[in-house]
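# Structural characterization, general
Read off the chains here:
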Amino acid sequence: GSARRRAASLARSTSLMGVVREIVEQLLRNFTEELLKRDAFLWVFYGHLCILYVIAASCYAQTGVTSTTVDVDLHSKQALRGISPG
């Protein structure tokens with residue numbers, strides 16, 4: 001089963017990156033199995049993902065395109081065409 005699949009996969013991995021990938025994959029699989037065994041861990045995991053998405057969305061909202069950036073871009077394009085701004 002799992003041991004045979006892992007052994008065959010490790011035999012195919014001849015490079016260092018292949019071995020590292022196999023180790024990381026096994027660690028992630030074990031982590032996922034533990035999450036699935038305990039409902040509380042699963043809820044905490046999903047909760048932290050939601051919090052991270054909220055933080056990321058907040059960062060994206062704060063660093064969005066501003067009108068100043070658009071104005072500068074528009075003025076530079078107009079200058080290239082010989083049109084005076086404003």
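The paragraphs below set out a description of the structure included in this document. Quick caveat, the model's predicted, so the values are computed rather than measured.

## Concerning the pattern of salt bridges
For the coordinates displayed, the defined rule picks out five salt bridges. For Arg21, the salt bridge goes to Glu25, with nearest N and O atoms at 2.9 Å. Of this pair, Arg21 and Glu25 both sit in helix α2 (residues 16-37), four residues apart, which is roughly one turn of that helix. You can call Arg21 partly exposed: its relative accessible area is 47%. Residue Arg29 is joined to Glu25 by a salt bridge in which the shortest nitrogen-to-oxygen separation is 2.9 Å. Pair noted here: Arg29 and Glu25 are both in helix α2, with a separation of four residues, about one helical turn.

## What to know about a nonpolar patch on the surface
Together, Leu16, Val20, Val24 and Leu28 make up a nonpolar patch on the protein surface, roughly 370 Å² of accessible area in all. Here Val24 shows up in helix α2. Assessed through its relative accessible area of 41%, Val24 is described here as partly exposed.

## Thoughts on α2
If you check α2, its first and last C-alpha atoms are 32 Å apart, about what 22 residues at 1.5 Å a residue would give, namely 32 Å. Listed as buried for α2 are Gly18, Glu22 and Leu35. For α2, the buried positions fall inside an angular range of 150° around the axis, keeping them on one side. Among the exposed residues of α2, those pointing more than 90 degrees away from its buried face are Leu16, Leu27 and Lys37.

## Some thoughts on the packing of aromatic side chains
This structure, assessed with the given rule, holds two aromatic pairs. Summarising the aromatic geometry, the rings of Phe31 and Phe45 are spaced 5.8 Å apart at their centres and angled 70° between planes, so their arrangement reads as edge-to-face. Placement of Phe31 in helix α2 and of Phe45 in helix α3 (residues 39-62) is noted, with a sequence separation of 14 residues between them. Looking at Phe45, the relative accessible area reads 25%, which means it is partly exposed. Members of the aromatic cluster, joined through ring pairs, are Phe31, Phe45 and Tyr46.

About the thresholds
Residues numbered from 1 in each chain as written. Predicted model: local features only at pLDDT ≥ 70, side-chain atom pairs only at ≥ 80, totals over all residues. Heavy atoms only, no water. Salt bridge = Lys/Arg side-chain N within 4 Å of Asp/Glu carboxyl O. Helix = DSSP H or I, 4+ residues; strand = E, 2+ residues; numbered from the N terminus. Buried < 20%, exposed > 50% of the residue type's maximum accessible area, 1.4 Å probe, protein only. Patch = residues over 30% accessible without salt bridge, like charges linked within 9 Å, V, L, I, M, F, W, Y side chains within 5 Å. Areas by Shrake-Rupley, 256 points an atom, 1.4 Å probe, with all protein chains shown as cover. Expected span 1.5 Å × (residues − 1). Arc of directions from axis to C-beta. Phe/Tyr/Trp six-rings, centres within 6.5 Å; stacked < 30°, edge-to-face > 60°.

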